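So you can see what is in the structure, the chains are spelled out below.
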Amino acid sequence: MKKNVLFMVINMNIGGTEKALLNMINEMPKDQYDITVLMLEEYGGFLAHIPEWVNIKHISGYKKIKKELNNPPIQTIEEAVKNKSILHALILVVLNFFSKLTGERSALFKYLLKKYPIDSIEYDVAIAYAGPMDFISYFVIEKIKAKKKVQWIHFDITKIGFNVHFALKMYRKFDQISVVSNEARDKLLKKLPFLTEKTVLFKNIISTKEIRELASNGESFNDFFDGIRIVTVGRITDEKGQDMAIKALSKLINCGYKVKWYCIGEGKSRKKYEKQIEENKLRDYFFLLGSKTNPYPFIKDCDIYVQPSRYEGYCITTLEARCLNKPILTTEVNGANEQFINGETGVIVGINEEEIFKGVSELITNNCLRQKLISNLKLKNEKHEGCDLLSI
């Protein structure tokens with residue numbers, strides 16, 4: 001009999017969490033699993049990449065409560081008053097006061113979802129996959145019926161807006177907590193040691209065969225540059241560290257290196273980084289290429305892959321660059337030391353522009369090091385080292 005599994009996410013925007021989900025689904029045999037992807041909102045660049053045999057659902061009433069969840073409380077209260085919803089405004093005042101008092105928002109979630117029905121289907125496993133995201137965690141616990149419920153942690157909880165008060169209340173209701181790296185797991189358990197027995201390591205999965213096939217087909221560089229090409233893939237946000245990459249490139253150019261840096265991804269920091277590129281006179285050297293569902297030809301054709309992140313859970317883009325046998329430099333984020341042996345299969349540097357500059361300089365000038373990294377990666381077989389898929 002097939003196992004009925006639900007994954008809940010925010011949407012299918014192009015990002016590491018969403019790609020990790022697609023990779024996992026593609027590794028789950030359809031004769032063994034009946035899979036549902038439940039989204040808050042049904043959109044995103046990866047939406048079309050969900051296999052046809054997977055069920056797709058979305059929260060039909062989410063648009064009505066999105067403002068109350070995401071906007072500043074005073075703004076939603078003022079809008080309720082303006083719309084003459086006085087009782088609703090008063091309830092929001094009380095609930096937001098209670099949220100400040102308790103440090104978490106589960107009472108607000110309960111009120112906003114009071115009319116939303118519990119799903120009539122009982123799943124074998126229901127997974128709050130976009131984690132930690134409090135609203136999704138709450139929804140899986142309170143509105144989904146399942147024999148087993150799993151919370152997935154993709155990030156370093158010490159570096160994002162992780163609500164310990166909410167986790168103390170709600171995470172004990174999950175049957176399993178899956179964390180994508182040993183470092184991320186250790187940091188979670190340091191804050192929530194009572195979860196030790198139910199927390200497991202489940203590293204992100206990639207499909208080496210699919211990545212290599214995609215890397216041989218599709219758009220790549222078209223500027224006929226004959227210097228060193230550097231590629232970075234990730235959301236254009238502060239946590240991904242493209243601002244440090246811009247500063248590092250400025251130093252590289254000032255030192256006379258013939259190099260261009262290409263960033264694939266989109267995000268809220270684009271305008272800020274465009275301004276920084278202009279200020280550093282890097283318009284002809286640093287390129288924000290936007291989101292691409294197939295970034296692999298760019299990775300395959302680059303000389304060096306750099307991940308300048310401030311924090312990660314277990315970086316999927318460096319996994320992908322590994323399977324294309326590229327010389328890789330990454331900052332010392334969660335999972336970096338689990339993916340690479342420094343100086344043997346990759347270069348790991350401190351999380352600052354000077355360390356990135358020095359590391360990239362070494363890779364540019366030391367061709368022997370680049371070839372060593374490439375040769376060592378070729379000897380490595382990509383293998384998922386986490387839990388058996390059947391255990392979820």
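Residues numbered from 1 in each chain as written. Predicted model: local features only at pLDDT ≥ 70, side-chain atom pairs only at ≥ 80, totals over all residues. Heavy atoms only, no water.

A. Helix H8 (residues 182-191), seen in detail. Of all the residues in H8, the buried ones are Ala184, Arg185, Leu188 and Leu189. The buried residues of H8 occupy one face: seen down the axis, they fall within an arc of 130 degrees. Turned more than 90 degrees from where H8 packs its buried face, Asp186 and Lys190 sit exposed. Tucked inside the fold, the buried residues of H8 contact strand S5 (145-153), strand S6 (176-179) and strand S7 (199-201). (Buried < 20%, exposed > 50% of the residue type's maximum accessible area, 1.4 Å probe, protein only. Helix = DSSP H or I, 4+ residues; strand = E, 2+ residues; numbered from the N terminus. Arc of directions from axis to C-beta. Contact = heavy atoms within 4.5 Å.)

B. Inspection of the sheet that holds S6 at higher detail. The seven strands are arranged S3-S2-S1-S4-S5-S6-S7 in an open sheet whose pairing can be described as parallel. Each edge of the sheet is formed by a strand with only one pairing partner; in this case those strands are strand S3 (55-58) and S7. For this sheet, the mean inter-axis angle between neighbouring strands, taken without regard to orientation, is 25 degrees. Across six bridges, the pairing between strand S4 (residues 122-128) and S5 is parallel. Among the inter-strand pairings, Val125 is bridged to a residue of S5, identified as Lys148. Those strands touched by helix H6 (residues 134-143) are strand S1 (3-9), strand S2 (33-39), S4 and S5, and its axis lies near 165 degrees from that of S4. Most of the contacts of H8 go to S7, to which it runs at about 165 degrees, and overall it touches S5, S6 and S7. (Pairing = 2+ DSSP bridges. Axes fitted to C-alpha atoms, helices over the stretch in contact; angles between N-to-C directions.)

C. Structural view of the pattern of salt bridges. A full pass over the atoms with the stated rule returns 25 salt bridges. Note that Glu142 is salt-bridged to Lys173, the shortest N-O span being 3.5 Å. Of the two residues, Glu142 is situated in helix H6 and Lys173 in the loop between helix H7 (164-170) and S6; the sequence distance between them amounts to 31 residues. Between Glu353 and Lys251 there is a salt bridge, with its nearest N and O atoms 4.0 Å apart. With a gap of 102 residues between them, Glu353 in helix H15 (residues 353-365) and Lys251 in helix H10 (residues 242-254) connect regions that are remote in the sequence. (Salt bridge = Lys/Arg side-chain N within 4 Å of Asp/Glu carboxyl O.)

D. Geometry of the pairing of S5. Between the parallel pair S4 and S5, the chain is carried across by H6, and the sense of this crossover is right-handed. Pairing between S5 and S6: four bridges, direction parallel. Within S6, the position partnered with Val150 by the bridge is Gln176. After leaving S5, the chain enters H7 and then returns to the sheet as S6, a path that is right-handed. (Right-handed = clockwise from strand over helix to strand, strands pointing away.)

E. Local environment of the sheet that holds strand S10 (residues 286-290). Reading across from one edge, S10-S9-S8-S11-S12-S13 is the order of the six strands in this open sheet, with parallel pairing throughout. Since the sheet does not close on itself, it has two edges, and those belong to S10 and strand S13 (347-349), each with one partner. Taking the axes of each pair of neighbouring strands and ignoring which way they run, one obtains an average angle of 20 degrees across the sheet. Running at roughly 170 degrees to strand S9 (residues 259-264), H10 makes contact with S9 and S10 of the sheet. Against the sheet, H15 engages strand S8 (228-233), S9, strand S11 (304-307), strand S12 (328-331) and S13, with an angle of about 170 degrees to S12.

F. Broad picture of the pairing of S8. The element S8 is extensively covered by neighbouring structure, given that six of its six residues are classed as buried. On S8, burial covers both faces: Ile228, Ile230 and Thr232 on one face and Arg229, Val231 and Val233 on the other are all buried. In this structure, S8 lies alongside S9, joined through six bridges in parallel fashion. Paired with Val231 across the bridge in S9 is Tyr262. In this region the chain leaves S8, passes through H10 and returns to the parallel neighbour S9; the handedness of that crossover is right-handed.

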